Amino acid sequence: MSMTTTLRIPKAAVSMQEGTLVTWLATDGAVVREGDPLYTLEIEKSTLDVESPAAGVLRHVGVAGATYKVGDVIGEITSPEAAPE
Amino acid sequence: MSTAASRELMLGFYTTMVRINEADKAIQRSLSAGELQFQYYPAGGQEAIPAGIAPLLSREDYSVITYRCIHDIVAKGTPLTEIMAEMYGKRAGTSKGKGGPMHLSDPHSGLMVTTGIVGAGLPIANGLALASQLMRSGRVTVVNFGDGATSTGAFHEALNLAAVWKLPVLFVCQNNQYGEYTAIPEYTLTRDFSKRASAYEMRGAQVDGTDPVAVHAAAKDALERARRGEGPTLLEAVCHRLQGHAFGSDTAHMDKAALEAAKQVAPVPRFRARLLDGKVATEAELAAIEAAARQEVDAAIAFAKEAPPPAVEDLYTDVFATPDVIPELDRRPPQRAAGSAAPPAGTRKLTYGAAITDALDVALGRDPKVVMMGEDIADPAGGVVKATYGLSSRHGRDRVRPTPIAETAIVGAAIGAALAGMKPVAEIMINDFLEVCMDQVSNHAAKLRYMSGGRTAVPLTIRTVTAGFVGSFGAQHSQSLEAWLAHTPGLKVVYPSTPFEAKGLLLACIDDPDPCIVFESMRCYFGQGPVPEGHYTIPLGVADIKRPGKDLTLISWGWPVLECLGAAGELAKEGIDAEVLDLRSVVPLDRPALLESVARTRRAIVVHAAVEFAGFGAEIATLLHQALHGNLAKPVARVGARYTSVPFSQALEPLHFPTAARVVDAARALVR
């Protein structure tokens, strides 16, 4: 059994409505651990490296350079039953 | 540092710290994934503080916390399922999903208030502690706040009052080095917050807030003193925030070197190493604690995700004890028959002021839960208008408590005491001074029932005088602020005009399950009227026809009712028969009485002491226009105060306020 965690653009600031996925820090198909930096998000006047909420295989949906609304799906992480630690 | 802590205690600290840490991380994972979307204030670096204090408290002991809260909540014993369900806005949450991450309440574990307002918890903690002191329950109250809160007035007012009243409260300043995005040297020159205690002759102590053993020892000492009746302590727990202010915020405002250094000695891994080095626990034991915490958190998150959201009908519950008095839902049947509200013939006469004193005397005599607090209310002063004269002599200064001139401390203490089940009656000398403590009134008294999903309630009464149109008080003692209060859901706003009502409505407020603000008109204070002896109540939200009439309705409350009666007398000479409808409270609002009267007379003027522009009269006029549009002979008129501050000169004050003459003019225009 595997579990999929959907990656959405987080609400990372009080007034944030949208953010730019500046660059992916983990490649499409990479095996990531919980807490690994996944991508750089630019909001208003600052940037933030968003950490992985789960362990598993990362699949990109969003593209670097594009701007998304809070809640838009930009990727997913599929965790096998025995996730890499 | 105490080394006497037993192995169980040490493992208990670690278990709590790990549970906090796992909960904190899980919430941030959900935020990272975009699954949760709210402002979250991480607790990394502060885990050891509540973990060290927790074993010293039972569920009977109270805690008040602030919006950076996950560590404090988990340590106090609130089930993780309920915490996570609240974070997800679900009905199974601590507050039915209506409070959210900044407003969790769990009285079952003693967590009475989580406030989103910096510093506001301290005055409320005093009230919880006061209730414990008065009931001799042996309970202590711990209030947690950040270093940023030490700059607020509420902090200073609360410390001063706690010291004066020797309250069983522990003030825990979690000094994480930053007030939101601003570092300590920029917002205060204070280096040692615990020293602030000495300004109030209070005990202060500073402790390493990253070490649960040290925190435990310091808190143990303070709490034992509090339980022995030796008063409050300010404990500064020095730590370092390990992230930005909120989830997602960068750390540009933080000192990089200090942050890196703090991360190297982060409380959880450091304490873990200490347990291993000291051979307190084995690697396997600690791993088991960690696995159990992760499992518990994962299960709580899974529960929260699956749990149903609040139902549509939950929207209106918990505003008041019962939703039937919510203005937009209120469809109560008419409760009044003209004249029935009057006291029996032959009843002794009292002044309005004496009726208030009598009400308070009766309330204190019949219910030990009633406690009064306010500036100058004890003898020999007995209040600035003598409304409380004699009460402290008869009922004791424990129950009729003079306070510092500190409205935020007064209302906060009343809120806390009400949360603990007492029936406090706070006096705010003049209603203009409510503006000094509107945060406590409007953000806390009004909202705590709702923000807690009905788990807590604030059955407090605030008495306050309006000194309008008595001459000589001017702009800051003469306003009538009922519209401000009516605008915040959760407050009942009562405004008597006769001695009979001053007593009966006040007694109703004291017994009411919701916060009530009673406006006392100084202009009415010395007028006499019949007042029955003993206990009686006049139900809130029931208007009274003070003078029946058929040509138009003068709608008013408080002292302007006198002007309306005067105007009605003048109008009678001209053959105009005016009805005077005294609302007696604006929340609850007696909609049936308004509609019944104006449907009959087809003409109405709302007369109030407050500024006409954006006053409560606009609300009533709209209500009447919408309900009776086709039946009205003329649009509803308003006679309120002019759009000026209240002028001092007697050449001007009568021009500002609504007078009988202005009402007469408006009535003539309406009837012609």
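Residues numbered from 1 in each chain as written. Chains lettered and ligands numbered in written order. Predicted model: local features only at pLDDT ≥ 70, side-chain atom pairs only at ≥ 80, totals over all residues. Heavy atoms only, no water.

Peer 1: So what's going on with the overall build of chain A? Residues and values would help.
Peer 2: The number of helices and strands found in chain A is zero helices and eight strands. Taken over C-alpha atoms, the radius of gyration comes to 13 Å for chain A, in line with the 12 Å a tight globule of 85 residues would show. Expressed as a percentage of its 85 residues, the buried residues of chain A come to 47%. Put simply, 60% of the contacts in chain A that link residues at least 6 apart link residues at least 24 apart. Only carbon and sulfur atoms are counted for the fraction: they give 51% of the accessible area of chain A, which is about 4500 Å². Distance between charge centres in chain A, computed from 6 positive and 12 negative side chains, equals 8 Å. (Helix = DSSP H or I, 4+ residues; strand = E, 2+ residues; numbered from the N terminus. Rg over C-alpha atoms; globule rule 2.2 N^0.38 Å. Buried < 20%, exposed > 50% of the residue type's maximum accessible area, 1.4 Å probe, protein only. Contact = heavy atoms within 4.5 Å. Areas by Shrake-Rupley, 256 points an atom, 1.4 Å probe, with all protein chains shown as cover. Lys, Arg positive; Asp, Glu negative; His and termini not counted. Charge placed at Lys NZ, Arg CZ, Asp CG, Glu CD.)

Peer 1: Give me helix α19 (residues 560–573) of chain B: which residues, what numbers.
Peer 2: Residues and elements named next belong to chain B. End to end, α19 covers 20 Å across 14 residues, agreeing with the expected 20 Å (1.5 Å per residue, within 8%). For α19, the set of buried residues is P560, V561, E563, C564, A567, A568 and L571. Across the axial projection of α19, the buried residues extend over an arc of 150°, all falling on one side. Looking at the buried positions of α19, the neighbouring elements they touch are β17 (544–547), β18 (552–556), β19 (578–582), β21 (604–611) and α23 (660–671). G575, located one to two residues past α19, shows a positive phi value of around 85°. (Expected span 1.5 Å × (residues − 1). Arc of directions from axis to C-beta.)

Peer 1: Before we move on, can you summarise the sheet that holds strand β7 (residues 67–69) of chain A with the specific residues and values?
Peer 2: Residues and elements named next belong to chain A. Spatially, four strands are ordered β5-β4-β2-β7 in an open sheet, and the strand pairing comes out antiparallel. The strands lining the two open edges of the sheet, one partner per strand, are β5 (46–51) and β7. Averaged over neighbouring strand pairs, the angle between their axes works out to 35° when direction is ignored. Here strand β2 (residues 18–24) pairs with β7 via three bridges, running antiparallel. By the bridge assignment for β7, T20 is matched with T67. (Pairing = 2+ DSSP bridges. Axes fitted to C-alpha atoms, helices over the stretch in contact; angles between N-to-C directions.)

Peer 1: Provide a residue-level description of the side chain of D72(B), including the pertinent values.
Peer 2: All names here are of chain B. Position of D72 among the secondary structure elements: in helix α3 (residues 70–76). It is R68 that comes nearest to the buried, bridge-free D72 among opposite-charge side chains, at 8.7 Å. Of note is the side chain of D72, whose polar atom sits 3.5 Å from the side chain of H71. (Salt bridge = Lys/Arg side-chain N within 4 Å of Asp/Glu carboxyl O. Polar contact = N/O pair within 3.5 Å; in protein donor to acceptor, adjacent residues only side chain to side chain.)

Peer 1: I'd love a proper account of helix α5 (residues 121–135) of chain B, names of residues and values included.
Peer 2: All names here are of chain B. Given a rise of 1.5 Å per residue, 15 residues ought to cover 21 Å, and the 21 Å separating the end C-alpha atoms of α5 matches this to within 8%. Most of α5 sits out of view: 13 of its 15 residues are buried. At the exit of α5 stands R136, carrying a positive phi of roughly 50°.

Peer 1: Let's hear about the layout of surface pockets: which residues, and what values?
Peer 2: All names here are of chain B. In this structure, the second largest pocket encloses a volume near 630 Å³. Along the wall of the second largest pocket there are 27 residues; nearest its centre are P327, E328, A486, F616 and E619. Counting residues per element, the ones that place at least two in the lining of the second largest pocket are α17 (482–486), β20 (585–587) and α21 (616–628). If one sorts the elements of the lining of the second largest pocket by residue count, α21 sits on top with six residues. Taken together, the residues of the lining of the second largest pocket sort by class into 16 nonpolar, six polar and five charged. (1 Å grid on protein atoms, 1.4 Å probe; cavity = no way out; pocket = protein on both sides within 12 Å on 5 of 7 lines; lining within 4 Å. Points joined across faces, edges and corners; volume = space filled by probe spheres on them. Nonpolar A, V, L, I, M, F, W, Y, C, P; charged D, E, K, R; others polar.)

Peer 1: Tell me about empty space enclosed by the protein, residues and numbers included.
Peer 2: All names here are of chain B. Counting across every chain of the model gives two cavities of 30 Å³ or more. Q39, Y40, Y41, Y67, C69, I70, M87, P101 and M102 together form the lining of the largest cavity. Split into classes, the residues belonging to the lining of the largest cavity amount to eight nonpolar, one polar and no charged. Put simply, the second largest cavity is a space of about 30 Å³. A363, R366, D367, V370, L507, I510, D511 and H535 together form the lining of the second largest cavity. Of all the secondary structure elements, the ones that give two or more residues to the lining of the second largest cavity are α12 (352–366) and α18 (499–511). With three residues, the single largest contributor to the lining of the second largest cavity is α18. Here the residues of the lining of the second largest cavity sort into four nonpolar, one polar and three charged.

Peer 1: Summarise the sheet that holds strand β11 (residues 400–402) of chain B; cite the residues concerned and give the values.
Peer 2: All names here are of chain B. Strand order in the open sheet formed by seven strands is β11-β10-β12-β13-β15-β14-β20, with mixed pairing between adjacent strands. Across the chains shown, the open sheet's two edge strands, defined by having one partner strand only, are β11 and β20. Taking the axes of each pair of neighbouring strands and ignoring which way they run, one obtains an average angle of 20° across the sheet. In this structure, strand β10 (residues 370–374) lies alongside β11, joined through three bridges in parallel fashion. Looking across to β11, one finds that G374 is bridged to P402.

Peer 1: Account for the nonpolar core, naming residues and giving values.
Peer 2: Ranked by size, the top nonpolar core spans 138 residues in total, and within it F171(B), V441(B), I555(B) and L624(B) carry the most contacts. Ranked by residue count, the leading element in this core is helix α14 (residues 407–419) of chain B, at nine residues. Not counting residues within four places of it along the chain, the set of residues in contact with L624(B) comprises I555(B), L594(B), L595(B), V598(B), A604(B), H629(B), L632(B) and V636(B). Judged by nonpolar contacts, the second largest core, of 52 residues, contains A13(A), I74(A), I77(A) and I73(B). (Core = buried A, V, L, I, M, F, W, Y, C linked by side-chain atoms within 4.5 Å.)

Peer 1: Pulling in residues and values, what's your account of the confidence of the model for chain B?
Peer 2: Predicted confidence across chain B gives a mean pLDDT of 96, with 98% of residues reaching 70 or more. Across the predicted assembly, pTM comes out at 0.95 and ipTM at 0.85. (pLDDT = per-residue confidence, 0-100.)

Peer 1: Any chance you could break down the packing of α5(B) against α14(B) for me, citing the residues and the numbers?
Peer 2: Residue and element names in this part refer to chain B. The geometry of α5 relative to α14 is characterised by a closest axis approach of 6 Å and an angle of 50° between their N-to-C directions. When the axis of α5 is compared with that of α14, the two are oblique. The handedness of the crossing between α5 and α14 comes out as right-handed. In this structure, α5 uses P123, I124, G127, L128 and A131 to contact α14, whose residues at the interface are T408, A409, G412, A413, I415, G416, A417 and L419. (Parallel < 35°, antiparallel > 145°, perpendicular 65-115°, else oblique. Left-handed = near helix turned anticlockwise from the far one by under 90°.)

Peer 1: Describe the interface of chain A and chain B, and please don't skip the residues or the numbers.
Peer 2: Listed as interface residues are 20 residues of chain A and, on the opposing side, 13 residues of chain B. Together chain A and chain B conceal approximately 1200 Å² of surface at their shared face, both sides included; 52% is due to carbon and sulfur atoms. When residues of chain A are sorted by the area they lose upon contact with chain B, K11(A), E34(A) and P53(A) head the list and together hold 36% of the total. Here chain A and chain B share two salt bridges between them. One can count four residue pairs in polar contact (both at pLDDT 80 or more) joining chain A with chain B. For the side of chain A that touches chain B, the elements supplying multiple residues, two or more each, are β1 (3–8) and β5 of chain A. When its residues are assigned to classes, the side of chain A that touches chain B shows eleven nonpolar, five polar and four charged. (Buried area = accessible area lost by both parts, 1.4 Å probe.)

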